[in-house]
Amino acid sequence: MEKLMQRIFQIDGEETDCWLGHDGSRFVLNTPTGAVACQLDPTGLPGGYKLRAKGVVRELRLAVGPEATFVHMDGRTYEVGRVDPAERLAGSDGGASDDRLVAPMPGVVVSVAVKPGDAVEEGQPLLVIESMKLETTLTAPRGGVVAEMPFAEGDSFGLKDILAQLAPEEE
């Protein structure tokens, strides 16, 4: 008998409801678009795994933080956030969170692409960070004007530090 656990993930800003099950021999990821049998095997490298799904094998690296997991695969890094269904039901979105980029784990700033006062478009790279030997490009969550970039290249930051702040949207 397969046990199912419902999860809500936010992948690159888009929420996806899915159910992860295990039938005794393999994991099955059930999404709104269908079920996928998958297997994740460690490679021996820190955070390194081989993902087997739909007859394809891909190597990836994982960095797990308290707010999100970063998956580096095929030359791209994906931020996978976990959404608490209880918080969603309570309506505790916090609206202004779209104005801030918050550090999902401690790390170091590798490079900064913008400065306060710069106009940015949604998805535009703002800075590159390194956490757990994994580089991640953080992008603008919406279009707007950069209000604050508190860290410079080479600076260390802590968990939940604000890495970038956009000016509030005018209504």
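As shown above, the structure is provided for reference.
No experiment lies behind these values; they were computed from the predicted model shown. (Residues numbered from 1 in each chain as written. Predicted model: local features only at pLDDT ≥ 70, side-chain atom pairs only at ≥ 80, totals over all residues. Heavy atoms only, no water.)

1. Remarks on the pattern of salt bridges
- Here the structure, examined in full by the defined rule, presents four salt bridges.
- A salt bridge links D74 to R58; the nearest nitrogen and oxygen atoms lie 2.9 Å apart. With D74 in the loop between β7 (68-73) and β8 (76-82) and R58 in strand β6 (residues 56-64), this pair connects stretches of sequence that are 16 residues apart.
- A salt bridge links K115 to D118, with the nearest nitrogen and oxygen atoms 3.1 Å apart. (Salt bridge = Lys/Arg side-chain N within 4 Å of Asp/Glu carboxyl O. Helix = DSSP H or I, 4+ residues; strand = E, 2+ residues; numbered from the N terminus.)

2. Focus: the packing of aromatic side chains
- Scanning all chains against the criterion turns up one aromatic pair.
- For the pair F151 and F157, a centre-to-centre distance of 6.1 Å together with 65 degrees between the ring planes defines the contact as edge-to-face.
- Residue classification places F151 among the buried residues on the basis of a relative accessible area of 18%.
- Among the residues examined, F157 registers a relative accessible area of 6% and is labelled buried. (Phe/Tyr/Trp six-rings, centres within 6.5 Å; stacked < 30°, edge-to-face > 60°. Buried < 20%, exposed > 50% of the residue type's maximum accessible area, 1.4 Å probe, protein only.)

3. Overview of unusual backbone geometry
- The phi dihedral of K54 falls on the positive side, at around 55 degrees, and the residue is not glycine.
- When you line up the elements, K54 lands in the loop between β5 (48-53) and β6.
- Phi angles above zero are rare outside glycine, and D74 is one such case at about 55 degrees.

4. Let's talk about the sheet that holds strand β12 (residues 125-131)
- Ordered in space as β13-β12-β10-β15, the four strands form an open sheet in which the pairing is antiparallel. Each of the sheet's edge strands pairs with one partner strand only, and the pair in question is β13 (134-139) and β15 (156-157).
- Note that β12 and β13 share six bridges and pair antiparallel. The partner of I129 across the bridge, within β13, is T136. (Pairing = 2+ DSSP bridges.)

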